[in-house]
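Breakdown of the fold
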Amino acid sequence: YLRDQHGSCWSPTLNPCESQVDSCMVTHMPGMTQFYAFGNGLTVKMTLFIAPDYPVLIWDVRLHNTTGEARRLDVFAYSEFSQLNWEKELKGGYYAQHMVKGWFEKKGNALCYLDHDWEPYFEKNPLTYMMGSEPVESWCADRDAFFGPYGREGSPVSVCNGMCGNDELSGGNGCGALHNSLVL
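Counting of residues starts from 1 at the beginning of each chain's written sequence and follows it residue by residue. Residue-level local features of this predicted model are given only where pLDDT is at least 70; pairs of side-chain atoms are given and counted only at 80 or more, and the full residue set underlies all totals for whole chains, interfaces and linings. No hydrogens and no water enter the side-chain calculation; it runs on all heavy atoms of the structure.

**A closer look at the sheet that holds strand β10 (residues 127-131)**
Strands sit in the order β10-β9-β8-β12 across an open sheet of 4 strands; the sheet is antiparallel. The open sheet is flanked by β10 and β12 (169-170), the only strands paired with a single partner. One bridge is not enough; two strands pair if DSSP finds at least two bridges between them. Only DSSP runs of H or I reaching four residues or more are called helices, and only runs of E reaching two or more are called strands; each is numbered from the N terminus. Judged from the 6 bridges that link them, strand β8 (residues 100-105) and strand β9 (residues 110-115) form a sheet pairing that is antiparallel. Within the sheet, the bridge partner assigned to E105 lies in β9 and is A110.

Now the structure itself:
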């Protein structure tokens, strides 16, 4: 999600935000997808790829201001966390969502998500994390807090407000949302 200093929100992937960009192009290659979006005085190139040696999805986002004037921009990276097992989610999803935890580790600049359900050995429980290359300004691990009451993916309350609430998750629907403010 991108939010400019006037509160306009959009996404270089065209979804989930409903606002239109001037033009967009998507390129799919083996192991990689690139989104190019042009609009609102910005050029955005977002590349998504899986690291060759690790099960890690990497987002590389490049922003360029084409207006010639400095402007403030809020950038939100968002991903929904699951319980990493479709069968478990299908059969016991309601129960299993009470066995998840999300928090922010400031030292590692990472939002962490732990599904500690059904597995008696703690070391076998997968730890999922989301981190950025820049210091995080605000974050959220709780999907309901990120979207807000009756919230929608197209206009989350955290994006509309220009910041996340630093919300931990202790049971419920997990997400990873990291927010940075930039001046371009």
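**Topic: the pattern of salt bridges**
The term salt bridge refers to a pairing of a side-chain nitrogen on Lys or Arg with a carboxyl oxygen on Asp or Glu at a separation within 4 Å. Per the stated rule, a full pass over the model turns up 6 salt bridges. Ionic pairing is found between R71 and D4, a salt bridge with its closest N-O pair at 3.9 Å. Separated by 67 residues along the polypeptide, R71 in the loop between β6 (57-65) and β7 (72-80) and D4 in strand β1 (residues 2-4) bring together distant segments of the chain. Under the scheme applied here, a residue whose accessible area is under 20% of the maximum for its type counts as buried, over 50% as exposed, and between as partly exposed, the area being computed with a 1.4 Å probe on protein chains only. The exposure class assigned to R71 is buried, which follows from its relative accessible area of 9%. With a relative accessible area of 7%, D4 lands in the buried category. Between D60 and R62 there is a salt bridge; the shortest N-O distance is 3.0 Å. The class of D60 is partly exposed, set by a relative accessible area of 26%. The exposed category is assigned to R62, whose relative accessible area is 52%. Taken together, the salt bridges that share partners define one network made up of R3, R72 and D74.

**Examining a nonpolar patch on the surface**
Residues enter patches when they are more than 30% accessible in relative terms and free of salt bridges; like-charged ones are connected within 9 Å and nonpolar ones (Val, Leu, Ile, Met, Phe, Trp, Tyr) within 5 Å. Computed with the Shrake-Rupley method and a 1.4 Å probe, the accessible areas treat only the protein chains shown as cover for residues. Together, I50, L57, W59 and V61 make up an exposed nonpolar region whose accessible area comes to about 350 Å². Residue contributions to the nonpolar patch peak at 3 residues, all from β6. Counting through the fold element by element, L57 comes out in strand β6.

**Observations regarding the nonpolar core**
Put simply, a nonpolar core is a bunch of buried Ala, Val, Leu, Ile, Met, Phe, Trp, Tyr and Cys residues held in one set by side-chain atoms that sit within 4.5 Å of each other. Counting 12 residues, the largest nonpolar core is built from Y1, C9, C17, F76, Y78, C140, F146, F147, V159, C164, C175 and A177. Of all the secondary-structure elements, those providing two or more residues to this core are β7, α2 (143-147) and β13 (174-183). When checking whether two residues touch, look at their non-hydrogen atoms; a contact exists if any pair is within 4.5 Å. Not counting chain neighbours up to four residues away, the residues in contact with C9 comprise L2, R3, C17, S19 and V159. The next biggest cluster of nonpolar side chains, apart from the first, holds 11 residues, and it includes F104, V136, L169 and L178.

**Here we look at the packing of aromatic side chains**
Stacked, tilted and edge-to-face are the three classes assigned to paired rings of Phe, Tyr and Trp, where Trp is represented by its six-membered ring and a pair needs centres within 6.5 Å; plane angles under 30 degrees give stacked, over 60 edge-to-face, the rest tilted. Inspection of every chain in the model, using the stated rule, returns 7 aromatic pairs. Here Y78 and F147 contribute two aromatic rings whose centre-to-centre distance is 5.4 Å and whose plane-to-plane angle is 65°, an arrangement assigned as edge-to-face. In this pair, Y78 sits in strand β7 while F147 sits in helix α2, placing the two residues 69 residues apart along the sequence. Judged by its relative accessible area of 5%, F147 is buried. Look at F104 and W139: their rings are 5.5 Å apart centre to centre, the planes differ by 15°, and that puts the pair in the stacked class.

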